[in-house]
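Residue strings, one per chain:
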Amino acid sequence: MYLLYLLYLLYLLCLYRSKAQSIVDLCEDDETVVEINLSNLNTTHVTSRIYDFSHIKRLVVNHNKLKAISTEIQHLTDLELLDISYNVIETFPVEIEELEKLVCLRASNNILLDLPGQFYKLSELEILDFSHNEFESLPIISGNLELLKDLKEWDVGIGCLTKLRHLDVSYNKLTVWPLQIEKLTLMGRLYLSHNQITTMNIECLTGFRHLTVLDMSYNLIEDFPSCLFDLPLQVHLYIYKDL
């Protein structure tokens, strides 16, 4: 029985290797390739060969069993989209800071609960999906001299990602309104539903000039500020079934 199990694991390994390597082989034969898709391979790691494609713009590795992102991600300096959704990733390597052109990061359905300060150096990010993770807060890093030098901020947090237009932190374990979120003045869609938030930051709402969706549903808010209902008519407001 044990031998059969080992043979089955070997079969799965060969199957993954065959498919993954075939995909990478095809990419090597096509110098114009801009996307590598290694999704749904049921693997705990991806071939290191993908990091040789420094020119690719999109990397999709969702629906696998990845536990970490390789530090070699730093070589994909032209990357604009990274999709690591539906894995078991807990955090990001500090080398993520090298992805200076990254516009869209989809990281839903992992077990993320922390971020390195270097993450907030991704200044081109416009779309960030952290839904269905384990965040109790969006971390603030204070007094890091390296970050102070690069970002000119003593308290480094989500507010450094000033180009964000879409932020989804729904289905986490947030207990407070995310700090520094008021700095995201380009925010168009903000999803904070299915958390444990008890109060809202009233002041931040006045700065959201481009807001079209605000979802605060399924939290623990007892009293909503009256100014919430003075938001422009184009804002789709969701606050149902709190408590």
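Please refer to the structure higher up on the page.
Residues numbered from 1 in each chain as written. Predicted model: local features only at pLDDT ≥ 70, side-chain atom pairs only at ≥ 80, totals over all residues. Heavy atoms only, no water.

This paragraph deals with the overall build of the chain. Broken down by element type, the chain carries three helices and 11 strands. Each helix and strand of the chain, placed in order from N terminus to C terminus, yields the pattern α-β-β-β-β-β-β-α-β-β-β-α-β-β. A total of 243 residues make up the chain; the buried ones form 44% of that total. When contacts within the chain are restricted to residue pairs at least 6 apart in sequence, long-range pairs at least 24 apart make up 37% of them. (Helix = DSSP H or I, 4+ residues; strand = E, 2+ residues; numbered from the N terminus. Buried < 20%, exposed > 50% of the residue type's maximum accessible area, 1.4 Å probe, protein only. Contact = heavy atoms within 4.5 Å.)

Position of Thr 32 among the secondary structure elements: in the loop between α1 (2-29) and β1 (35-37). The exposure class assigned to Thr 32 is exposed, which follows from its relative accessible area of 62%. Between the alpha carbons of Thr 32 and His 55 there is a distance of 9.2 Å; along the sequence they are 23 residues apart.

This next bit is on the side chain of Asn 64. Along the chain, Asn 64 turns up in the loop between β2 (58-60) and β3 (81-83). A distance of 2.9 Å separates a polar atom in the side chain of Asn 64 from the backbone oxygen of Leu 38. In this structure the side chain of Asn 64 is engaged in a polar contact, spanning 2.9 Å, whose partner is the backbone nitrogen of Asn 42. Discounting residues that sit within four places of it in the chain, Asn 64 has contacts with Leu 38, Ser 39, Asn 40, Leu 41, Asn 42, Thr 43, Tyr 86 and Asn 87. (Polar contact = N/O pair within 3.5 Å; in protein donor to acceptor, adjacent residues only side chain to side chain.)

Attention shifts here to the pattern of salt bridges. Considering all chains together, one arrives at eight salt bridges under this definition. With its nearest N and O atoms 3.7 Å apart, the salt bridge here joins Lys 57 to Glu 80. Residue Lys 57 is located in the loop between β1 and β2, and its partner Glu 80 is located in the loop between β2 and β3; the two are separated by 23 residues in the primary sequence. In this structure, the salt-bridge partner of Lys 121 is Asp 150, at a minimum N-O distance of 2.8 Å. Of this pair, Lys 121 sits in the loop between β4 (104-106) and β5 (127-129) while Asp 150 sits in helix α2 (residues 145-151); the two residues are 29 residues apart in sequence, bridging distant segments of the chain. A residue is classified by how much of its surface remains accessible, and Lys 121, at 19% relative accessible area, is buried. Classification of Asp 150 as partly exposed rests on a relative accessible area of 38%. A single network of salt bridges, built from pairs that share partners, joins Glu 97, Lys 121 and Asp 150. (Salt bridge = Lys/Arg side-chain N within 4 Å of Asp/Glu carboxyl O.)

Time to look at a nonpolar patch on the surface. Together, Tyr 218, Tyr 238 and Tyr 240 line one region of the surface with nonpolar side chains, adding up to about 280 Å² of accessible area. Since its relative accessible area comes to 31%, Tyr 218 is described here as partly exposed. (Patch = residues over 30% accessible without salt bridge, like charges linked within 9 Å, V, L, I, M, F, W, Y side chains within 5 Å. Areas by Shrake-Rupley, 256 points an atom, 1.4 Å probe, with all protein chains shown as cover.)

In this section: the sheet that holds strand β11 (residues 236-238). With parallel pairing, the nine strands of this open sheet are ordered in space as β1-β2-β3-β4-β5-β8-β9-β10-β11. Lying at the two open borders of the sheet, with one neighbouring strand each, are β1 and β11. Taking the axes of each pair of neighbouring strands and ignoring which way they run, one obtains an average angle of 5° across the sheet. Both β2 and β3 contribute to a ladder of three bridges, which runs parallel. Bridging from a neighbouring strand, Leu 59 pairs with Leu 82 of β3. (Pairing = 2+ DSSP bridges. Axes fitted to C-alpha atoms, helices over the stretch in contact; angles between N-to-C directions.)

For Asn 42, which is not a glycine, the phi torsion comes out positive at approximately 60°. With respect to the helices, strands and loops of the structure, Asn 42 is situated in the loop between β1 and β2. The backbone of His 194 shows a phi angle near 55°, a positive value even though the residue is not glycine. Mapped onto the elements of the fold, His 194 is located in the loop between β9 (189-191) and α3 (202-205).

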